Structure formats: C-alpha cells, structure tokens
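Given next are the chains, with one letter for each unit.
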Amino acid sequence: MFGDLFEEDYSSVSNNQYGKGKKLKTKALEPPAPREFTNLSGIRNQGGTCYLNSLLQTLHFTPEFREALFSLGPEELGSLEDKDKPDAKVRVIPLQLQRLFAQLLLLDQEAASTVELTNSFGWTSDEEMRQHDVQELNRILFSALETSLIGTSGHDLISRLYHGTIVNQIVCNECKNISEKQEDFLDLTVAVKNVSGLEDALWNMYVEEEVFDYDNLYHCGTCDRLVKAAKSAKLRKLPPFLTVSLLRFNFDFVKCERYKETSSYTFPLRINLKPFCEQSELDDLEYVYDLFSVIIHKGGCYGGHYHVYIKDVDHLGNWEFKEEKSKPDVNLKTLQNEEEIDDPLMILQAVLLQEENNLITVDQLGQKLLKKMGISWNKKYRKQHGPLRKFLQLHSQLFLLSSDGSTVSLLKSHPIQANSNYQSTNQQSFQMLASEAPGLSDSTACPHWFDINDSRVQPIKEKDIEQQFQGKESAYMLFYRKSKLQRPPEALANPRYRVPCHLLKEMDAANIELKVKRAECDSANNDFELHLHLGPRYRFFNGALHPVTSQAESVWDLTFDKRKTLGDLRQSIFQLLEFWEGDMILSIAKHVPAGLHIYQTLDGDELTLCEADIADGEDIFVWNGMEVGGVQIETGMGCEPLLLNVLHRESSGEGTTHGRVIESPHVFPANAEVATVLTAAPTPAGMVLVNRAGSAGEGSWTAIPQADMKKTFREQGFRDGSSILIQPSHNEESSLLPKQGKWINGVNEIDWIQVKNLCQLESEEKQVKISATVHTVVFDIRIKAIKELKLMKELAQNSCLRPIDRNGKLLCPVPDGSTLKEAEVKMGSSLGLCLGKAPTSSQLFLFFAMGTNIQPGTEMEVIVEETLSVGDCLKIMLEKSGLSGDAWHLRKTDWCYEAGEPLCEERPSLG
C-alpha cells in the first residue's frame, strides 16, 4: 500500500529548518495559533493524514521512545544542513522525527506541521490526501526507522522497545516429543469477530490447545507415524511496550464485500499477561501492563477518520475536571437489596476486599459468594461466564492467581476499574465500597487522558474509553506499557527533559519569532482606524452635515482595538475630548454626495466593536444625540439626503418665467414626497419628469404620473445625481427638453428586469419585462411577473426568482425581501421564475455534486439551515442523491470546480 515512501532519498531531502522553506497555507501576517488551555500541541491534517497523526502522537507520548531518539546526536544522524555536501550521509527520517517531537513539546503553536516529515518519506501531495491503514503504517515506519538507524547506537531502538517473541509448540501424545517454532512480533493481531474482549482473544490464542485426533492426526518425526498431538502457542518474550491490533475489518464471502466489525469488544486498562506466557517464574509485575494509548477509527471499511486517546504519562498537559460530589456510603448488603447485581466482577472484588490481605483460596471464594448472594457461582454465572477459575484468569488485570491456581488475591497496585457493561449506578456504588476497604490506600492519582484529533486536543476522563468498545467509532489499535516502568521525578511536567541542546535553542528562537509575529499580527488584524466627527464642529445646512471650518479640525483619526467594547471606546473619546460636556452619543455616519449623514446610534456598551458591526475605517459621529448647532437632526436610512439636479425656467420678479433654463442642485430627504420638488421651482405646479441617467442632455426622460407624486423619492427609485425637469405644461412647443431628448411613455430602456417562466407550467408568454429600479423589492417583481405571465396565484406562495448567468446556469435564489441593489442584480438582466421558496436569512442554498471529476451542469441543489452540522448536511445530500454507505465526506469547491480540503470534522455547524 505504501510502496517506497519510507526509503531514504538523500538527493531530494529538504534541509529546511523551522520557519524556512515551504510556507504554510496561511496569510503572511497570521502565524500559527498558540496552544490552547491543555498546553498540548496537535498535528495539522494535510488532507488525509489523520492515521499518521494518531500514530505520531502515540510515539511522542511514549517517553522512552522519544528520549531514545533524542539521545542520537548529529555525530550519528548527521545534519540536514549538510545534505548537499559530497559523501555526506544524512539520516533524514529520525532527524525529522526529532524536530517534530521537539515542536510538539516546546513550540507554542496549536498544531505542528508534518510537511517536512512526509517530505522525508518521499510522499507526494497525492499520497498525503489518500487514506491508509494505521496498523500497516506502524510496521512500515518501524522498519524504516530500523533501516535508517543501522550503524548508530540506536540500531536496536525498535527491537529493544517493541519486539517480542511467540513460541508455537506441538506435543506428541505418544513420545511426548516437542516440535517448536519461534517467531518475532512487533504487534499482536487479535480477532474481534465472535470474541467478547481482549482477554478472551488472548485466552483462545495462548491458552486453549488445538487437538490433532481422529481424522486430523499429526505426523510425528520421532514416531514416524500419524499420532494424536496437541498444538499450543505461548508468549516467550514480552517487550516493554505491547502493541495490539484489532481485526475489525473482515470479508463477507457471501456478499463478496468487506465490512467493519462493530460489535462490543472490551479491553482492560491494566492487563496481566502471566496466564499467556511460557515462563511464569518472574516477578508478577513483569507481566502487568497499563493501557496508555487507543487509536480509534470512525467510519466504515472504505474510509473514515482516525483520532487517538492518549494517557499523559509525564503530565505535560493541563488536565482539569471538576471532581464529582461524593455519595453516601453503602455496603454489599444494601447494594444487593436495592438491585440485583448481574455482573460477577463487582461481587468478587467486594468479597476479596473484606478478606485480610485480600487473599483467599478459590474454593473459599466460591463459598463466600454463595453465603453473600444466596446462590452458587455455577447456578448464577457459569452459563454466561464459564468456570470461576477461568473467569479469574481472564480478568488478570484485577485478580492474581497463584501458579497452581489454588489461591487468588487482588492486585493492590491497580486502581479498581469497572467493566464495560456495568450499570453506572453499580460503578459508583462499588467504587464507594472499595474506598472503605483496607489495602487500597496506595492507589495512584487519577490518570490524565487526552483525546487528540488532528489539531484539536481536549481532556477526557478514563471512563470515556469505554465508549470506544463498539460501534462505528471504536478502538482499532491498543498500546500498553509495562506497569513497572517508572518516570523520573525530574521528567514530570518538564517538556524540556532530555531534549538535545541544539533543538532547545531552535525551539526557543522559534518561540521568540512567533511571539514577535503574533504581536505584529495582533496589531494588524485587531486595530481599527476610526474617523471621529465632532458634533460641535459641524453645522446642518442644505439637508446634510458639513464642517464649520475645515475637515482637519472637525475630524480626528483614532486607532482602536476592535476587541474592546463600545464602553471602552466612549471612555477613550472622553479622555481625548477634554472640552466635552454632557452626554456623549456615538453614531455611525457616512459621506453621501450631499454631505455627512447620521445612520444608526451605537447602543450596548458591553458589546465589542466587532459585535456592534463597526468596520475598519468607520466614520463615527460624536454628539449629544439630539441636535447639531441648534438644529434637530433626523437620522437613519429613511431620511438619507439625496442630491438631485433640478431644471426649470428662470423666474422674473413678478413670478413669470423666462426662456433661460436654470439647473441647480437641491437636497431632499429620501422619505419626502416627490411633490416637494416643486418647492425648488418658481411655480408650485407643473409636470415633473425624471432622467435617472444623470445629465440633462443625455438619456431619456420619463414623466411622473400625478398619482405617483405622493410617493417618496425612495419608492420612485431616485438616486444621487438624478435630474428632475419641472415642465410648466404638456405643450411640446414650450418643452424644456433638449433637442436630442425624447418623450418616453413606457419603460426606460435600462429600467427593466426580464423574467423567464421556468416553472414548467403552461403560459401564454415565456418571458416578460418588468418595470423596476435598483430599489425595487424582489417580491414585487415576482408577483408582477406571475400576473403578467398569467400563471396560477398559488405560485405566490411557492416560487422564487433566480439569476441566470451568461452560460444559462441558474444561480442561487434571491431573497424576497431584498432590493435589486441589495441582491446585486443588475438592471436589464434575466431572472428565472422557479418553483420552490427562496432561502430565509437563516438558511443556506448549496450546490453539490458527487465524485471528484465535477463537470458544470451536474450539480444538485439543497436548502439547509446554517446551524446544521456538517455531518447532518452530508446525510441530507446522500439521501437526495440516492447514495448509501458511510465512506462519503464533503469538500468545498471554488468557482472553477477545484476541490479544497475535506471537512473531516462533522460536528461543527455550516455557519
């Protein structure tokens, strides 16, 4: 599967140090985010490298492996800076692993990059995006490291820490001759199908014997004939670190397809391997292992996602959980009367806790169980759990049997853990009972576990591991370490422990550089330039605000942190304006052709500038909120001042008009009636025409009907620069129109929208032109189109308008409540009238297509709430497209159908 991607290629290896060479796909002013509250670093996903990230984090949190790698200096591994020198041998993979581990330990960033490491593997960008199997990666990576470290003091690093041996034996029943074969292993591969858990699988592999008899006899070389025999396997040598691979993927020969085994499969936090070993004369602790990493696979057999649960052995991270409140003490009798206890593990432990030294013979244990429960083991538990002695052997993480199997005791060094299928009430009750028992006062502190999911690191409780016993998101690889391995006190909470000096210096320098870049980025990204317009230095005339003297004296520029609140801004302005008296109101203002206009007032001193929708470069008007220079000020979009060009005949002193035409600018509030324009003419009556193109000598003029004179300028679609002609009468001989002008009784040539009938409903017309302005609301256009197309009135409740691009493709529906300007629909363009409602302000309209080779025209459409999660959106798309299975994921695509990075996290919302 992986090919030669781990072969050393010294000619193509990059010698980039941290901060050099390939740049991350981030903005130049945005350095990596600092570590979060856990103080641990994740690893960025390159597109499909979650399996690699999970394995690398496991190796990083194996301190003995990490420190053995750190002990190899440049004199043995070489230096990446020497790669171009003749005859220089640079051992790239261990060097890049060293650097990655140093970054994970010391570099203040939320997630480290594996680009340099995967480059040392020889991976291409295509390889990084392809999903692989983490079990195979574990073996190949170890093999590559062993090859790379040949000739160094670390040549036996993998063998010393991970290699174990298994011995397979066949014993002849006749001559007792033993045929033996030994094999090495880096990890134990155990079955999941039809097996309840890890101990059961190990019992089947290393305790149960395979018998050769009847039609399946064994040929004994010593006897030189077919004989009865027994075949067995035992663990001969145990490594310090035991890796267990779970065979969750199987093949269904009936359906001829692969499938993932999702049934319950338990595994203990502590396991005693003594029953499965060939030799048993060693100290008991030599066989006891503690779980410290669980790699978890989420998804099906054709794809999915990996993350890892890891125990922080050295307490490098910040692990915080509030302690649960203690409950009243209970005893075994009360517990039994309240509810029947079906799991024998709890009862056996409770019985042993009441014995001196927690030691008892197996026969006495059975008798005490009968006395306590009123029913024997064989009647209550044997059918489901097997003989008592075998049950004790299977749970060697809690019970220690003597070599002859006659006595049993509790492992005192092991904190009591509940089995996976306990009821939560039973767990709590038993833990309370155990806390009272003698001999358990030396239990270790609560272990620190973290869920590391690519860049995301969060603390979890040890009991959360039980959630990974079964289901589509379940344990895939288990990593155990010998319990007797102890960490030196100086290593605890000390990430600098055993890190080589040259890497310490490199990380310290990189942290300084990150600190400087973050300060620069913080200033660049969070500082807003605000323009403060001081009310006392403004006056109101000709419909808008204007400086009394100069712009420089009336406007102050202020640099302010956008993360601060409006209250902070107000306080800062108070300090700047020592002359200010009375209330201070801050309002958003904008420059319009008529002058400065005030829009909304900023309320809510607890809001940050971002929450208050203040933008960089915003104009802020500072005033008392009522008047400027003694004039009451109207604010808001409704009364926005419009600068219009008004044309009329010159007036004499007696009120009569002369032939000369006067053109003068006038300002009117947008919410004023059009009839108010007559106040700018010498006569209070006449015909009003408008030229929205601007200049009076260009474009076309449209007469405003008398009935529309009571409508507002906004409703009539007036904008800044529109020209208005006040005509004394309808007599063309006295017309003031320029010679090149012309009368228009219909719609102006650019003041229309073409609507096409795409509802697949019969109509007399296929398309119509609807009179409109940039301020016309989309809903009005839609209703007029339905009427003029003579379609059913019911379409008013179930239709929408969609822009049509130059290639004839339908774009996203435009909201009914938007104006054409707000919807960015150009005048004269085409809209399609389609079935279905337009999305609301809280919904998203999405195009999607299946596969990787997306072609224009193959997209499907869906409307979803923006609060919907990525996973739920994927389900809706799969249902609409008729696809099944759990091997699908989403990717964003740009306008040219280029796919971006996959959306691996399914819990975040689309918004």
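Our structure's up above, just so we're on the same page.
Residues numbered from 1 in each chain as written. Predicted model: local features only at pLDDT ≥ 70, side-chain atom pairs only at ≥ 80, totals over all residues. Heavy atoms only, no water.

A.B. asks: Describe the packing of aromatic side chains, with residues and values.
C.D. replies: Using the criterion set out here, one finds 17 aromatic pairs in the structure. Taken together, F65, F101, F142, Y162, F241, F292 and F479 form an aromatic cluster joined through their ring pairs. Directly above the aromatic system of Y214 lies the positively charged group of K228, at a separation of 5.2 Å from the ring centroid. When the ring centre of F560 is taken as reference, the NZ or CZ atom of K564 above it lies at 5.6 Å. (Phe/Tyr/Trp six-rings, centres within 6.5 Å; stacked < 30°, edge-to-face > 60°. Lys NZ or Arg CZ within 6 Å of the ring centre and 35° of its normal.)

A.B. asks: Give me the lowdown on the sheet that holds strand β4 (residues 178-185), citing residues and values where you can.
C.D. replies: Spatial ordering of the open sheet is given by β4-β3-β9-β6, a layout of 4 strands whose pairing is antiparallel. Bordering the open sheet on either side are β4 and β6 (210-212), each of which pairs with just one other strand. Ignoring strand direction, the axes of neighbouring strands in this sheet form an average angle of 25°. (Pairing = 2+ DSSP bridges. Helix = DSSP H or I, 4+ residues; strand = E, 2+ residues; numbered from the N terminus. Axes fitted to C-alpha atoms, helices over the stretch in contact; angles between N-to-C directions.)

A.B. asks: Quick rundown of the packing of helix α11 (residues 344-353) against helix α12 (residues 362-373)? Include the residues and the values.
C.D. replies: Viewed as axis vectors pointing N to C, α11 and α12 meet at an angle of 105°, and their least axial separation amounts to 10 Å. Compared by their axis directions, α11 and α12 come out roughly perpendicular. Facing α11, whose interface residues are I347, L348, V351 and L352, α12 presents L365, K368, L369, K372 and M373. When its residues are assigned to classes, the contact of α11 with α12 shows 7 nonpolar, no polar and 2 charged. (Parallel < 35°, antiparallel > 145°, perpendicular 65-115°, else oblique. Contact = heavy atoms within 4.5 Å. Nonpolar A, V, L, I, M, F, W, Y, C, P; charged D, E, K, R; others polar.)

A.B. asks: Could you give me a rundown of a nonpolar patch on the surface, with the residues and numbers involved?
C.D. replies: A cluster of nonpolar side chains, L761, M792 and L835, forms an exposed patch at the surface whose accessible area comes to about 260 Å². Relative to the elements of secondary structure, L835 occurs in strand β40 (residues 830-835). (Patch = residues over 30% accessible without salt bridge, like charges linked within 9 Å, V, L, I, M, F, W, Y side chains within 5 Å. Areas by Shrake-Rupley, 256 points an atom, 1.4 Å probe, with all protein chains shown as cover. Salt bridge = Lys/Arg side-chain N within 4 Å of Asp/Glu carboxyl O.)

A.B. asks: So what's going on with helix α20 (residues 778-788)? Which residues, and what values?
C.D. replies: Among the residues making up α20, those that are buried are V778, I781, R782, I783, A785 and I786. At its buried positions, α20 is contacted by β37 (752-757), β38 (767-771), β39 (799-803) and β40. (Buried < 20%, exposed > 50% of the residue type's maximum accessible area, 1.4 Å probe, protein only.)

A.B. asks: Would you mind going over the packing of helix α4 (residues 92-106) against helix α7 (residues 134-148) in detail, with residue names and values included?
C.D. replies: Contact pair α4 / α7: the axes reach a minimum separation of 8 Å and the direction vectors enclose 115°. The pairing of α4 with α7 is recorded here as roughly perpendicular in orientation. Residues I93, P94 and L97 of α4 touch α7, and the partners they reach there are A144, L145 and S148. Looking at the contact of α4 with α7 residue by residue, the classes come out as 5 nonpolar, 1 polar and no charged.

A.B. asks: For helix α21 (residues 870-881), give the residues involved together with the corresponding values.
C.D. replies: An ideal rise of 1.5 Å per residue puts 16 Å on 12 residues; α21 measures up with 17 Å between its terminal C-alpha atoms. Within α21, burial applies to V870, G871, C873, L874, M877, L878 and S881. One side of α21 holds all its buried residues, which, seen down the axis, span an arc of 155°. Seen from the buried face of α21, the exposed residues on the opposite side, beyond 90 degrees, are K875 and E879. Elements that come into contact with the buried residues of α21 comprise β41 (843-848) and β42 (860-865). (Expected span 1.5 Å × (residues − 1). Arc of directions from axis to C-beta.)

A.B. asks: Any details on empty space enclosed by the protein? Residues and values, ideally.
C.D. replies: In this structure the tally under the stated criterion is 1 cavity of 30 Å³ or more. Approximately 40 Å³ is the volume attributed to the largest cavity. Surrounding the largest cavity, E36, T38, L40, E110, S455, R456 and V457 form its lining. Taken together, the residues of the lining of the largest cavity break down into 2 nonpolar, 2 polar and 3 charged. (1 Å grid on protein atoms, 1.4 Å probe; cavity = no way out; pocket = protein on both sides within 12 Å on 5 of 7 lines; lining within 4 Å. Points joined across faces, edges and corners; volume = space filled by probe spheres on them.)

A.B. asks: I'd like a rundown of the sheet that holds β40, residues and numbers included.
C.D. replies: Pairing within the open sheet is mixed, and its 4 strands lie in the order β38-β37-β40-β39. Among the strands making up the open sheet, the edge pair consists of β38 and β39. On average, adjacent strands in this sheet sit at an angle of 35° to one another, irrespective of strand direction. As paired strands, β37 and β38 are joined by 5 bridges and run antiparallel to one another. Across the sheet, the residue bridging to K756 is Q767, located in β38.

A.B. asks: Residue-level account of unusual backbone geometry, with values.
C.D. replies: A negative phi angle characterises most non-glycine residues, just as the trans form characterises most peptide bonds. Positive phi, normally seen in glycine, also occurs at N194, with a value near 60°. Examined against the element boundaries, N194 turns out to sit in the loop between β5 (188-191) and α9 (198-206). The residue D613 is not glycine, and still its phi comes out positive at about 60°.

A.B. asks: Account for the side chain of Q46, with residues named and values stated.
C.D. replies: Summarising the element assignment, Q46 is placed in the loop between β1 (42-43) and α1 (50-60). According to the relative accessible area criterion, Q46 is buried, its value standing at 14%. A polar side-chain atom of Q46 sits 2.6 Å from a polar atom in the side chain of T114. (Polar contact = N/O pair within 3.5 Å; in protein donor to acceptor, adjacent residues only side chain to side chain.)

A.B. asks: Describe the environment of K880, naming the residues involved and giving the relevant values.
C.D. replies: Assignment of secondary structure puts K880 in helix α21. By relative accessible area, K880 is classed as partly exposed at 48%. K880 sits 18 residues away from V862 along the chain, and the two C-alpha atoms are 8.5 Å apart. Apart from the residues lying within four places of it in its own chain, the contact partners of K880 are F848, M860, E861 and V862.

A.B. asks: Pulling in residues and values, what's your account of the nonpolar core?
C.D. replies: In terms of nonpolar packing, the biggest core is built from 65 residues, with F65, L97, F101, V134, I158 and Y162 touching the most fellow members. Tallying contributions element by element places α4 first for this core, with 10 residues. With residues near it in sequence (within four places) discarded, V134 still touches Y51, L55, I295, Y306, Y476 and M477. Core analysis: the next-biggest nonpolar cluster, separate from the first, contains 38 residues, V190, C277, Y287 and L291 among them. (Core = buried A, V, L, I, M, F, W, Y, C linked by side-chain atoms within 4.5 Å.)

A.B. asks: With reference to specific residues and values, describe the pattern of salt bridges.
C.D. replies: Once the charged atoms of two side chains with opposite charge are near each other, the side chains can pair. The tally for this structure, following the rule as stated, stands at 24 salt bridges. Among the salt bridges present, the one from R236 reaches E180, with a minimum N-O distance of 3.0 Å. Pair noted here: R236 is in strand β9 (residues 229-237) and E180 is in strand β4, with a separation of 56 residues, a long-range link. Assessed through its relative accessible area of 25%, R236 is described here as partly exposed. R802 is the salt-bridge partner of E861, the closest N and O atoms lying 2.8 Å from each other. Taken together, the positions of E861 in strand β42 and R802 in strand β39 put the pair 59 residues apart, joining distant regions of the chain. Sharing partners across several salt bridges, the network here consists of R66, E67, D314 and R487.

A.B. asks: Describe in detail the pairing of β5, supporting the description with residues and values.
C.D. replies: Of the two faces of β5, only one is covered, namely that formed by L188 and V190; the face formed by T189 and A191 stays uncovered. When β5 meets strand β10 (residues 241-247), the two strands line up parallel, connected through 4 bridges. Counterpart to L188 in the pairing with β10 is V244.

A.B. asks: Break down the environment of D557 for me, with residues and values.
C.D. replies: Turning to its location among the elements, D557 is positioned in strand β25 (residues 555-561). Using a relative accessible area of 58% as the deciding quantity, one classes D557 as exposed. Contact partners of D557, with chain neighbours within four places excluded, come to L530 and H531. At 2.7 Å, the side chain of D557 forms a polar contact with the side chain of H531.

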